Amino acid sequence: MADSVAVHRAVAAPARRRHIGRTLTAYAFVGPALLVLCAFILYPAFYSLALSFYEWNGFTPEWGDFVGLNNYRELVRDPVFWKVALNSILFVVVRTPIEVTIAFMLALLLNQNIPGRSFLRTMFFVPVVMSLIVVTLIFQRILEPNAGFLNTFLRNVGLGAFAHPWLADTTTALPAVIFVSIWKNIGFSLVILLAGLQGLPQEVLEAARCDGANRRQLTLQVVTPLMKPIIGIATVLSVIGGLKVFDLVYIMTRGGPTYSTEVFATMLYRHAFDLNEMGIASALAVIMVLVIMGTSQLQTFLLRER
Amino acid sequence: MSPALPAAGAKAGSRFEPAYLAGWVVLLSALVVSIAPFLYLFSLSLMDNQQIFNGTLIAWPVRLANYPEAWVATKIGTLYWNSIYISGGSMIVTVAISALAGYGLGRLEFFGKAYIYALILIGLTIPIQIALIPLFVNLRWLGLMNTPLALIGPYTAFGLAFGTYIMKAFFEELPRELEEAARIDGANDFRIFWQIMLPLTRPAIATISIFLFLQNWNEFLFALTFITDSSMRTLPTGIYALISSEFYGNYGLLAAALVLFSMPVLILYFIFQQQFIEGLTAGALKH
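Residues numbered from 1 in each chain as written. Chains lettered and ligands numbered in written order. Predicted model: local features only at pLDDT ≥ 70, side-chain atom pairs only at ≥ 80, totals over all residues. Heavy atoms only, no water.

Draft legend 1. Expanded view of the packing of helix H9 (residues 189–200) of chain B against helix H10 (residues 202–218) of chain B. Residues and elements named next belong to chain B. Running from N to C, H9 and H10 point in directions that differ by 65°, and their axes come no closer than 5 Å. Compared by their axis directions, H9 and H10 come out roughly perpendicular. Across from Leu198, Pro199 and Leu200 in H9, the residues of H10 making contact are Arg202, Pro203 and Ile205. Among the residues making up the contact of H9 with H10, the classes are represented as five nonpolar, no polar and one charged. (Axes fitted to C-alpha atoms, helices over the stretch in contact; angles between N-to-C directions. Helix = DSSP H or I, 4+ residues; strand = E, 2+ residues; numbered from the N terminus. Parallel < 35°, antiparallel > 145°, perpendicular 65-115°, else oblique. Contact = heavy atoms within 4.5 Å. Nonpolar A, V, L, I, M, F, W, Y, C, P; charged D, E, K, R; others polar.)

Dropping the structure here:
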């Protein structure tokens, strides 16, 4: 009895020491990442949450008055906030299906054994790589009312009646911005979907072909169902990207005319740095996180169900 | 690349089928739509304002004067330099930290591992806007606004999730035997990491590096908020500041500046496109 305890101790002590040593080693590997994460993401996140309960102009050394949920209440009462929520929903609901559908069609075409397909894939991806400032300035020139490419083109082909100040009109500004964002992002969805297509199990496709499936049946009844999870991923990424959008809107329209293109991120920026309402801006940041995390959780859940 | 789907073009006789031709028409129109705006920009950069306001599409005769003028007016040399060391600096730090964390999470067992990994992955979905105001306030308080650190820190943090994610996946796939052999020879974890495992992850490192570099190069919101001194600006915000001042209404000059601005990114992309596209798809598909 005493013997076995002694033996147990003799074996267990170095084992435990080794175990602690290994844990320390592991933390030495993940430590720097945790440090950076805490300093630049976690600490700021809690800071924003706390600041959202204060009314602060950003200039006084102290945070100003504690106002509880007043900032949130004020946002909910602000018609601009609901306009922004609607714009963000429209942005996602219009953009994502169009983007993913066109990208999937192009991916199906590019997945064939055609000459120059890697060249085509490379070229379709150029808009994704390009800086948004370049993209938005090009489209500002294209959509410019007087000598812009689009209106000049419409006048030259006799459709001058349709010429329009696209970005200056409250009814066309949001559609124009959504169009540009689709144009910018299609390559991204395309590349993901194409990689998915190339990873499909060849045996299944071969079997379907042996059973006499023609090309349309193969695409609609075999390939598309197999691709559902990948289409889901492309959809999630597009929705999250859409909810986060800032640069595109900020540079193209600054959220105008009269808030017709304002989204969460530009509203946040306006409150923080034009209106000096750090509390309201922080409340908006918290709402953004909740909306984005909630949406991605919901989508992951829906995708798992299938 | 894996073999293509047995769809159109598989049979020799199907080349002239209507569906095959329709597919080509769709692909080529999509190509025109995605490339034409850049050609338009290039054409604008070769024109003067009079041609632009006449609605001219193709610049002729070619006017090259915009380029030297834009080069000088934008002080683009300074902007390039700022962008290079800020994007490059944060890229190097991110890769180093991600490689360490990826090894720890991919190959070692320890207490709280799953929670730490979940925490790091938060960076993939959390919007950077959550950190905007706190970082602005704290950087100002620390006197770090308008310094390279103001951007390198946040860029590193927000690139970390992607980097760690890819590195972990890569380390996990390396064979156990390598590690065991090294351990028998008396190597500790750090030596195994540095001398045996890390050199094998070169493709992953290339992918992460090029992806993060381009992402940092194009970043706008933090650069707009944390850098207000014009000599410290990076390219996107430097160009943005010029739109409303010197270049206001001078579209030929602006277009030339944008072409100059895009060149390094395009060159990098065409050299490293394989790594770049692989990085994106690996990041997206292994979720």
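Resuming the write-up.
Draft legend 2. Main features of the packing of aromatic side chains. For the structure on display, the rule yields 35 aromatic pairs over all chains. Centre to centre, the rings of A:Tyr269 and A:Phe273 are 4.9 Å apart; their planes meet at 50°, and the pair counts as tilted. Pair noted here: A:Tyr269 and A:Phe273 are both in helix H12 (residues 264–274), with a separation of four residues, about one helical turn. We note that A:Tyr269, like A:Phe273, is buried. With a centroid separation of 4.2 Å and an interplanar angle of 35°, the aromatic rings of B:Phe162 and B:Phe211 are classed as tilted. With B:Phe162 in helix H7 (residues 149–173) and B:Phe211 in helix H10, this pair connects stretches of sequence that are 49 residues apart. Each member of the pair, B:Phe162 as well as B:Phe211, is classed as buried. Put simply, the rings of A:Phe246, A:Tyr250, A:Tyr269, A:Phe273, B:Phe136, B:Phe220 and B:Tyr240 touch in pairs and so form one group of aromatic residues. When the ring centre of B:Tyr251 is taken as origin, the NZ or CZ atom of A:Arg141, which lies over that ring, is 3.9 Å away. Between the NZ or CZ atom of B:Lys168 and the centre of the ring of B:Tyr117, over which it lies, the distance is 4.4 Å. (Phe/Tyr/Trp six-rings, centres within 6.5 Å; stacked < 30°, edge-to-face > 60°. Buried < 20%, exposed > 50% of the residue type's maximum accessible area, 1.4 Å probe, protein only. Lys NZ or Arg CZ within 6 Å of the ring centre and 35° of its normal.)

None of the figures reported here should be taken as evidence of function without further support.
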